Each structure stands twice: as C-alpha cells, then as structure tokens.
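# Secondary and tertiary structure notes
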Amino acid sequence: INPIGDLTGVTGEALANKMVDILYKLNPAQWNDLAQAFPNAADVISTNASTIEKMNTFLGINLASNPFNGSFVPILAGLTQYASTKLMMATQPKKNNEEDMSSQMMQSMNVTMPLMSVFFCFTFPAAIGIYWVASSTFQLLQQLVVNSYLDKVDMDELIRKNVEKANKKR
C-alpha cells in the first residue's frame, strides 16, 4: 500500500479517494493553498471538498478550522470551565486567613485557566474547544451530583462507619 501522499499511478476513483484522505488531514484554508500549489489537482480538490466538509462538521462547526468566524465555542469553553471551578471551590472550607498566599494563587488560577482555554480555543481547531466544553459540562454535572449527595449525608455518621470498617479489617 502506498502512503497517503503518494499519488503515483493513481487515477479515477482511486485518485478521488486518495484526495479525500489527503484533504481530511487539512483545514479549508489549506485546501485552497494546496489547489494553488498544484493547479492540476484543483478540480479534484474542489469536487471532494464538500465531502470532506461534511466529514469534519459537528453541529454546523468545522472541527478542523479555527473558530475565528464568530463561533461561540471558545467563549462557551471558558464559561463552562469557570463555572466548573467556581462550583468546586464553593465546596471547599473557607480559611480564616483570607490573605493566605495559597488561596490567593488558587483564586488567580481559577480566573487565569478559563481565559487561557479561551485563547487556546481561538488558536487551535474547533474540535479542542468542543472537547473542553463537553468535559467541563460533564465535570460540572458530576460536581452537582456529588455536592447534592454530600449535602444529604451526615458526615459524623459516615466517619463512624469508616472507622468501624477500618477496625474490622484490623
């Protein structure tokens, strides 16, 4: 089997299939650059571009392209990550000393990391942003379930049961 980029002796439908394989690895801007670099292949690229566009699309978003075209994915990624960290921090006990250096650093990280994810989502293909939105949303839902469970549980009773289990194992 020839490598994907090797088009030696390939014609007809096999050439179209090879071009689909090549175009799948590129984003639409790179398709245009490829067509300009290889004018003989421009017709094959233009006829297969719509097929690849369908393969790379999720909810109307091209996963291989940067979301500079007004996509909501980077903003949504930042918001879901920020909400997720806020929810996790809400369950942490408050320290008496608010000037504590570690708590200040943690608070700055809780703001900085969502902003970094927004920047990265604008820089990288949209698929990464969609992944971050999905993982942050799942983490947020998971934290809501855990928080609601812990609100219902009597901690003293839970500690007593765990001590009994540890004593039985001894």
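In case you missed it, the structure is sitting above this.
The paragraphs below set out a description of the structure included in this document. Here the structure is a predicted model, which means the values were calculated and not measured.

Parameters and conventions
Residues numbered from 1 in each chain as written. Predicted model: local features only at pLDDT ≥ 70, side-chain atom pairs only at ≥ 80, totals over all residues. Heavy atoms only, no water. Axes fitted to C-alpha atoms, helices over the stretch in contact; angles between N-to-C directions. Helix = DSSP H or I, 4+ residues; strand = E, 2+ residues; numbered from the N terminus. Parallel < 35°, antiparallel > 145°, perpendicular 65-115°, else oblique. Left-handed = near helix turned anticlockwise from the far one by under 90°. Contact = heavy atoms within 4.5 Å. Nonpolar A, V, L, I, M, F, W, Y, C, P; charged D, E, K, R; others polar. Patch = residues over 30% accessible without salt bridge, like charges linked within 9 Å, V, L, I, M, F, W, Y side chains within 5 Å. Areas by Shrake-Rupley, 256 points an atom, 1.4 Å probe, with all protein chains shown as cover. Salt bridge = Lys/Arg side-chain N within 4 Å of Asp/Glu carboxyl O. Lys, Arg positive; Asp, Glu negative; His and termini not counted. Charge placed at Lys NZ, Arg CZ, Asp CG, Glu CD. Phe/Tyr/Trp six-rings, centres within 6.5 Å; stacked < 30°, edge-to-face > 60°. Buried < 20%, exposed > 50% of the residue type's maximum accessible area, 1.4 Å probe, protein only. Expected span 1.5 Å × (residues − 1). Bend = angle between axes of the 7 residues up to and from the residue. Core = buried A, V, L, I, M, F, W, Y, C linked by side-chain atoms within 4.5 Å.

### Things to note about the packing of helix H4 (residues 73-90) against helix H5 (residues 101-123)
A pair of packed helices is captured by two measures, namely the crossing angle of their axes and the spacing between those axes. As a packed pair, H4 and H5 sit with axes 8 Å apart at the nearest point and diverge in direction by 160 degrees. With respect to their mutual orientation, H4 and H5 come out roughly antiparallel. Crossing handedness for the pair H4 and H5: right-handed. Along its contact with H4, which presents Pro74, Ile75, Ala77, Gly78, Gln81, Tyr82, Thr85 and Met89, the element H5 presents Met106, Asn110, Val111, Met113, Pro114, Ser117, Val118, Cys121 and Phe122. Considered class by class, the residues forming the contact of H4 with H5 number twelve nonpolar, five polar and no charged.

### With respect to a positive patch on the surface
There is a patch of like positive charges on the surface, built from Lys161, Lys165, Lys168 and Lys169. Looking at the element boundaries, lysine 169 is found in helix H7 (residues 155-169).

### Quick look at the packing of aromatic side chains
Going through the model one piece at a time under the given rule, you end up with three aromatic pairs. On the basis of an interplanar angle of 55 degrees and a centroid distance of 5.8 Å, the ring pair of phenylalanine 119 and phenylalanine 120 is categorised as tilted. Between the aromatic rings of phenylalanine 120 and phenylalanine 124, the centroid separation amounts to 5.7 Å while the plane-to-plane angle is 25 degrees, which identifies the pairing as stacked. For phenylalanine 120, a relative accessible area of 28% gives the class partly exposed. Among the residues examined, phenylalanine 124 registers a relative accessible area of 36% and is labelled partly exposed. An aromatic cluster of three or more residues is present, and its members are Phe119, Phe120, Phe124 and Trp132.

### Things to note about helix H3 (residues 42-55)
Helix length check: H3, at 14 residues, gives a terminal C-alpha distance of 20 Å against a target of 20 Å (1.5 Å per residue), a fit within 8%. Taking the largest bend as the criterion, H3 deviates by roughly 40 degrees, centred on alanine 49. Val44, Ile45, Asn48, Ala49 and Ile52 are the residues of H3 that are buried.

### Comments concerning the nonpolar core
Here is a general trend for soluble globular proteins: nonpolar side chains tend to be buried in one another's company. Among the nonpolar cores identified, the biggest contains nine residues, and these are Val20, Ile22, Leu23, Trp31, Leu34, Ala35, Ile45, Ala49 and Ile52. Elements with a contribution of two residues or more to this core: helix H1 (12-24), helix H2 (28-37) and H3. Not counting the four nearest positions on each side in its chain, alanine 35 is found in contact with Ala42 and Ile45.

### Thoughts on a nonpolar patch on the surface
Taken together, the side chains of Val146, Tyr149, Leu150, Met155, Leu158, Ile159 and Val163 make up a nonpolar region of the molecular surface, amounting to roughly 600 Å² of accessible area. Every element with two or more residues in the nonpolar patch is listed here: helix H6 (126-152) and H7. Top element by residues in the nonpolar patch is H7. It accounts for four residues.

### Remarks on the pattern of salt bridges
What the rule picks out here adds up to two salt bridges. Of the charged contacts in the structure, one is a salt bridge between glutamate 157 and arginine 160, with a shortest N-O distance of 2.2 Å. Residue glutamate 157 and its partner arginine 160 are both found in helix H7; the two are separated by three residues, about one turn of the helix. The exposure class assigned to glutamate 157 is partly exposed, which follows from its relative accessible area of 28%. One salt bridge connects arginine 160 with glutamate 164, and the closest N-O pair in it is separated by 2.3 Å. Taken as a pair, arginine 160 and glutamate 164 lie in helix H7 at a separation of four residues, close to a single helical turn. For glutamate 164, a relative accessible area of 39% translates into the label partly exposed. Where salt bridges share partners, they join Glu157, Arg160 and Glu164 into one cluster.

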